[in-house]
Amino acid sequence: MVKYSAGSLFANALHGHKKWPKQWPDAAPKTSYDVIIVGAGGHGLGAAYYLAKKYGITNVAVIEKGWLGGGNTGRNTTIIRSNYLYDESARIYDHAVDLWDGLSQELNYNVMFSKRGVLMLAHSVHDVQSFQRHIHANRLNGVDNQWLSPEEAKAFCPPLDISPGARYPVMGAALQRRAGTARHDTVAWGYARAAAALGVDIIQNCAVTGIKRGTDGAVRGVETERGFIGANKIGVSAAGNSSVLMQMAGLRFPLESYPLQALVSEPVKPVMPCVVMSNSVHAYISQSDKGELVIGAGTDQYISYSQRGALHILEHTLASICEIFPIFKRMRMLRSWGGVVDVTPDRSPILGKTPVPGLYVNCGWGTGGFKATPGAGNLLAYTIARDEPHPINAPYTLERFKGGRLIDEAAAAAVAH
């Protein structure tokens, strides 16, 4: 079992290596910790950082089956926004946006957060009515959002086709100016470096194989491929694997796993000034700092742990993007990929305590995980440290599925990215 220092982690991460040193001097982890976080993605590393920074709990281990940031954190499409319909969603995502705004300064690490704006297109009367409802709801919750005419949308995003004869005519758009993008994996690197500097151990290439409970039912630690590690508090934040880990503790969670696909084009000079999303065709597009057009789809229709997904999903997405942005028809695809997302019945997360004493969970974000990263980490740390949820994540309890108090963003949040 190997722990790596911040120096070795980032020397490799910055060069894109996936194989880490076999040994690092004085790196043997302890046999027990105050808190174990399962999952070294942005959410898990964020929770570890805030536990150490805000609550003084530094005897923390983050355990990862692969390499740091190698899961969905390394496969997302960078979008950050908080223009969700329901009160609970607006609060939790706006909390995250607030933290994104100062995160580079907080971590002394450039996460490349760019408030370039997210433009959500309306192609029908229903879209117009739905987005205007979103705007009113957002303003009541203190979330910035505004309505643009087709001409104003074109002025904000010049590549957009607003001609009346378009296959997907643009009848207006909702714009959140404070939204934008960040570099997809730097948030994990920044949190990892900052957490390691505060004394947190990051243990990679060490899969959890079991969660051990005592005679009183409370957690006692985790079994791993390389031995037992004890802890009386365990936080699970492992996208795509949460239901499997919960089964290790004897719990069944209402989660399904779906592939989520995206792609990038060959790099070109700056042409896309913002993020554009279309609910009607389930497609979105932005441009990375390297010049690639970043294009993504909604989740596949079939449950799977595949990181490839169905070809017709990407084909439909590309066809739709070419209809909305005809100038991109001659672009070539550089690469495509997929992640696996956990989805709850209402497409909103589960974040809080579980029925097992000492076991906490952060899962079910579906396609909304990246934008929530600092908020989710902060709220998970609060919940673990105080053994109670913060008011922001209190509605996201597992028990809501028994009582029917759902936060149903499934149809309310557009493409949901």
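Going by the structure above, here's the rest.
These remarks concern the structure in this document.

Cut-offs used in this document
Residues numbered from 1 in each chain as written. Predicted model: local features only at pLDDT ≥ 70, side-chain atom pairs only at ≥ 80, totals over all residues. Heavy atoms only, no water. Helix = DSSP H or I, 4+ residues; strand = E, 2+ residues; numbered from the N terminus. Expected span 1.5 Å × (residues − 1). Buried < 20%, exposed > 50% of the residue type's maximum accessible area, 1.4 Å probe, protein only. Arc of directions from axis to C-beta. Pairing = 2+ DSSP bridges. Right-handed = clockwise from strand over helix to strand, strands pointing away. Axes fitted to C-alpha atoms, helices over the stretch in contact; angles between N-to-C directions. Contact = heavy atoms within 4.5 Å.

A closer look at helix α9 (residues 311-324)
Then step 1. With 14 residues, α9 extends 20 Å between its outermost C-alpha atoms, agreeing within 8% with the 20 Å of an ideal straight helix rising 1.5 Å per residue.
Then step 2. Within α9, the full set of buried residues consists of I313, L314, T317, S320, I321 and I324. Buried residues along α9 cover an arc of 130° about the axis, so they all sit on one side. Summarising the geometry of α9, the exposed residues directed more than 90 degrees from the buried face are L311 and E315.

Considerations on the pairing of strand β1 (residues 35-38)
A regular strand places its side chains on the two faces of the sheet in alternate fashion.
Then step 1. Neither face of β1 is open: one carries V35 and I37, the other I36 and V38, and all of them are buried.
Then step 2. Here β1 runs beside strand β2 (residues 60-63); their pairing, made up of four bridges, is parallel. The residue of β2 that forms the bridge with V38 is I63.
Then step 3. You can see the chain leave β1, run along helix α2 (residues 42-55) and come back into β2, and the turn it takes is right-handed.

With respect to the sheet that holds β1
Then step 1. Spatial strand order, β8-β2-β1-β12-β19-β18: six strands in an open sheet with mixed pairing. Each edge of the sheet is formed by a strand with only one pairing partner; in this case those strands are β8 (201-203) and β18 (350-353). The mean inter-strand angle of the sheet, taken between neighbouring strand axes irrespective of direction, is 15°.
Then step 2. One ladder, built from four bridges, connects β18 with strand β19 (residues 359-363); its direction is antiparallel. Bridge assignment links G352 to a residue of β19, and that residue is V361.
Then step 3. Contacting β1, β12 (233-236), β18 and β19, helix α10 (residues 373-386) crosses the sheet at an angle of about 165° to β19.

As for the pairing of strand β13 (residues 256-265)
Then step 1. Taken across its ten residues, β13 has nine buried, putting it largely inside the fold.
Then step 2. The pairing of β13 with strand β17 (residues 333-343) spans ten bridges and is antiparallel. For S265, the partnering residue across the bridge sits in β17 and is M333.
Then step 3. Pairing analysis gives four bridges linking β13 to strand β16 (residues 293-299), with the strands arranged antiparallel. Residue pairing across strands places V264 opposite V294, the latter belonging to β16.

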